[in-house]
Amino acid sequence: MQQQIVTVLGATGSIGTNTLDVIERHPERYQVYALSAATQIEKLIAACEKHRPKHAVVLDEVSAEQLSRGLRLRGLETQVSFGSQALIEISTAPEVTTVMAAIVGAAGMSATLAAAKASKRVLLANKETLVLAGQLFMDAASHSASVLLPIDSEHNAIFQALPAAYRENPYQSSLAEVGIERILLTASGGPFRTRELATFADITVAEAVKHPNWSMGRKISVDSASMMNKGLEVIEARWLFNALADQIQVVVHPQSVIHSMVQYRDGSVLAQLGSPDMRTPIAYGLAYPERIDAGVQPLDLFAVGRLDFSPPDTTRFPCLGLAFSALKQGGAAPAVLNAANEIAVEAFLNERIKFIEIPQVIDAALSQLATLPSMSIEQLLEADAQSRVFATQFIQSKLSSC
Ligand code: NAD
Ligand code: MG
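Per chain, the residues get numbers from 1 upward, laid out in the order the sequence is written. Lettering of chains starts at A and numbering of ligands starts at 1, both following the order in which they are written. Where local features are concerned, this predicted model is filtered to residues with pLDDT of at least 70; where side-chain atom pairs are given and counted, the filter is 80 or more; whole-chain, interface and lining totals use all residues.

Glancing now at the overall build of the protein chain. Each helix is a run of DSSP H or I of at least 4 residues and each strand a run of E of at least 2, with the numbering of both proceeding from the N terminus. Secondary structure summary: the protein chain contains 17 helices and 11 strands in total. Radius of gyration: C-alpha atoms only; globule rule: 2.2 Å multiplied by the number of residues to the exponent 0.38. Taken over the C-alpha trace, the protein chain has a radius of gyration of 20 Å; the compact-globule value for 402 residues is 21 Å, and the two agree within 12%. For the protein chain, the proportion of its 402 residues judged to be buried stands at 48%. In the protein chain, the proportion of contacts linking residues at least 24 apart, taken out of those at least 6 apart, comes to 70%. Three exposure classes are used, based on other C-beta atoms lying within 10 Å of a residue's own C-beta, which is placed from the backbone: buried for 20 or more, exposed for 12 or fewer, and partly exposed in between. Each residue is represented by a C-beta atom placed from its backbone, and any two residues with such atoms within 7 Å are regarded as in contact.

Glancing now at unusual backbone geometry. A cis geometry characterises the amide bond from Tyr-288 onward to Pro-289, with omega recorded as 5°. Here Pro-289 is to be found in the loop between α12 (279-287) and α13 (301-304). Of note in the backbone geometry, Asn-242 takes a positive phi value of approximately 50° without being a glycine. Locating Asn-242 in the fold gives a position in the loop between α11 (228-240) and β9 (248-252).

Once that is clear, we can look at the nonpolar core. The biggest cluster of nonpolar side chains holds 129 residues, and the ones touching the most others in it are Ala-101, Ala-323, Val-336 and Ala-344. Top contributing element to this core by residue count: helix α15 (residues 333-349), with 11 residues. What fixes the domain bounds is an automatic or database domain assignment. Looking at which domains feed residues into this core, each of domain 1 (4-150) and domain 2 (153-277 + 296-316) gives three or more. Excluding its chain neighbours within four sequence positions, the residues that come into contact with Ala-101 are Leu-9, Gly-108, Thr-112, Ala-115, Val-122, Leu-123, Leu-124, Ala-125, Asn-126 and Thr-129. Defined on buried residues, the nonpolar core groups Ala, Val, Leu, Ile, Met, Phe, Trp, Tyr and Cys residues joined through C-beta atoms within 7 Å.

Looking now at the sheet that holds strand β2 (residues 30-36). The strand order across the open sheet formed by seven strands is β4-β3-β2-β1-β5-β6-β7, and the pairing between neighbours is parallel. Looking at which strands have only one partner, the edges of the open sheet turn out to be β4 (79-82) and β7 (147-150). Strand-to-strand twist of the sheet, defined as the mean angle between neighbouring strand axes without regard to direction, takes the value 20°. By definition, two strands form a pair when at least two bridges between them are found by DSSP. Pairing geometry for β2 and strand β3 (residues 55-58), over three bridges, is parallel. By the bridge assignment, Ser-36 is partnered in β3 with Val-57. Axis lines are fitted to C-alpha atoms, over the contacting stretch for helices. Their N-to-C directions set the angle, which ranges from 0 to 180 degrees. Across the sheet, helix α5 (residues 109-117) lies against β1 (4-9), β5 (98-101), β6 (121-124) and β7, angled at about 145° from β6, the strand it touches most.

Interhelical geometry of helix α7 (residues 153-161) versus α11 gives an angle of 30° and a closest axis separation of 10 Å. In terms of their interaxial angle, α7 and α11 are classed as roughly parallel. Helix-helix and strand crossings are classified by hand; for α7 and α11 the assignment is right-handed. For the pair α7 and α11, contact is made by Glu-154, His-155 and Ile-158 and by Glu-233, Glu-236, Ala-237 and Leu-240, respectively. Classification used: nonpolar for Ala, Val, Leu, Ile, Met, Phe, Trp, Tyr, Cys and Pro, charged for Asp, Glu, Lys and Arg, polar for all others including Gly. Per-class residue counts for the contact of α7 with α11 are three nonpolar, one polar and three charged. Put simply, angles under 35 degrees are roughly parallel, angles over 145 are roughly antiparallel, angles from 65 to 115 are roughly perpendicular, and the rest are oblique. Rotating anticlockwise by less than a right angle from the far helix to the near helix defines a left-handed crossing, while the corresponding clockwise rotation defines a right-handed one.

Moving on, we get to helix α3 (residues 61-73). Here, expected helix span is obtained from the residue count minus one, scaled by 1.5 Å. Between the first and last C-alpha of α3 there are 18 Å, a value that for 13 residues agrees with the 18 Å anticipated at 1.5 Å per step. Downstream of α3 by a residue or two, Gly-75 has a phi angle that is positive, lying close to 70°.

For each residue, a C-beta position is placed from the backbone atoms; the residue is near a molecule or strand when that point lies within 6 Å of it. For ligand 1, the set of nearby residues contains 26 residues, the closest of which are Gly-10, Gly-13, Ala-107, Met-216 and Gly-217. Top element by residues in the shell around ligand 1 is helix α1 (residues 14-24). It accounts for three residues. In the shell around ligand 1, the residues fall into 14 nonpolar, eight polar and four charged.

On to the packing of α1 against α12. Running from N to C, α1 and α12 point in directions that differ by 60°, and their axes come no closer than 9 Å. Overall, the two elements α1 and α12 adopt an arrangement that is oblique. The two elements α1 and α12 cross, and the hand of that crossing is right-handed. For the pair formed by α1 and α12, the contact residues are Asn-18, Thr-19, Asp-21 and Val-22 on the first element and Arg-279, Ile-282, Ala-283 and Leu-286 on the second.

Right, let's get into the UniProt feature "binding site: Mn(2+)" (unreviewed entry) in the protein chain. UniProt positions are given in the numbering used here, feature names are shortened, and annotations may be inferred rather than shown by experiment. Mapped onto this structure's residue numbering, the UniProt feature "binding site: Mn(2+)" (unreviewed entry) falls at Asp-152, Glu-154 and Glu-233. The named residues occupy 82 residues along the chain; their greatest pairwise C-alpha distance, 8.4 Å, places them in one compact cluster. Among the secondary structure elements, Glu-154 is positioned in helix α7. When sequence neighbours within four positions are dropped, the list of residues in contact with Glu-154 reads Leu-185, Thr-186, Glu-233, His-259 and Ser-260. With respect to the helices and strands, Glu-233 occurs in helix α11. By the C-beta count within 10 Å, which is 29 here, Glu-233 ends up buried. Discounting residues that sit within four places of it in the chain, Glu-233 has contacts with Lys-127, Asp-152, Glu-154 and Leu-185.

What follows deals with the environment of Ile-103. On the secondary structure map, Ile-103 appears in the loop between β5 and α5. Sequence separation between Ile-103 and Lys-127 is 24 residues, and the spatial gap between their C-alpha atoms is 9.6 Å. When neighbours within four sequence positions are excluded, Ile-103 is seen to be in contact with Leu-9, Gly-10, Gly-108 and Asn-126.

Taken together, the four bridges between β3 and β4 define a ladder with parallel strand orientation. Each residue of the ladder has a partner; that of Ala-56, found in β4, is Val-80. Looking down the strands as they point away from the viewer, one classifies a crossover as right-handed if the path from the first strand across the helix to the second runs clockwise. After leaving β3, the chain enters α3 and then returns to the sheet as β4, a path that is right-handed.

Spelled out as structure tokens, the structure:
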């Protein structure tokens, strides 16, 4: 068995921490080459102390100085750098075999794309990369020898339930050609699935970040509460599995035990089940096509007892409808949707706008900017930037008119 040399982008986050937990269980299989974080320096130092990476990358110069001091005090020789070019370097270094892409938001795109172009095994948690530049990313991955493994639990489940030849090369054929009718993308429905709609205007940050089944970073937790997370995942599935929008059906399943399903022409439905613990898809991605211990509790179906299903409610959760329409519109629309959502979620987390105003910001950005040019990465990044400016100004004008 050849040891994998791993870079973890976003090492201090929820996915990054879980990744290091799985790696630590298998020192004979994995060696950490580099870790990155934005500004959580103490957490990064602790991870460097445990995993002894060659490199650590942070967001800016101030954080880099703080990190260097902390590492020196502990006698660690990890080399420190900062900024987006440094993220690309640790994702493409010749000795690196595997990159965990677990930065949150569009900030993760450049390094993830660079890793795919450099033929690395890419463990893709950063769904925003596919929303922003799905086509270009999949083209880059299929033109290189990169192995792309979805880490998002739903997409990991779908990957496991697809025919092996198809999942590794989805653009050589189509879902219909391999006998697949639909992808059934499960959704927990988030913390507000049954909340009285009339009280949505009072939703607090603490309520929105408290997911019933999963423990995750703050941005994705708010996305789950608004169901934008499912919308982003529909777009992610479109690109990962070469699916048409109407081949993806969202199924609300509050227990989060079935992580998604694939429905075949002959009536078969293949599902992947498990405890809601991200270490399962992470271990799957790290070891593929083998299976390793992930430290996850075995699923106890008797304790689960029952599994429920219902259709999603887009009146209650307009973000899901916005994502579907951005996907159908194509071009720059998904990039605009994603960027406006990032700005709106940040404003909600900072208590500048209400939860119910998140879709209003996104809707306004889409109606202004969805038709921007989108043929190249540069144009998509420009659409992303314009959407951020627009959403920021929209929020500002809303605030000054209250
Ligand atoms: P998180 O907020 O817990 O962690 C994010 C990581 O990215 C941190 O290490 C942070 O330091 C780093 N980071 C943040 N902004 C950055 C920037 N501008 N530049 C460089 N680094 C930056 O987030 P998370 O929950 O671990 O999610 C990470 C990604 O994985 C997201 O795209 C999310 O949608 C996806 N994902 C997460 C889960 C989950 O269970 N947490 C499940 C599926 C998919
Ligand atoms: Mg998910």
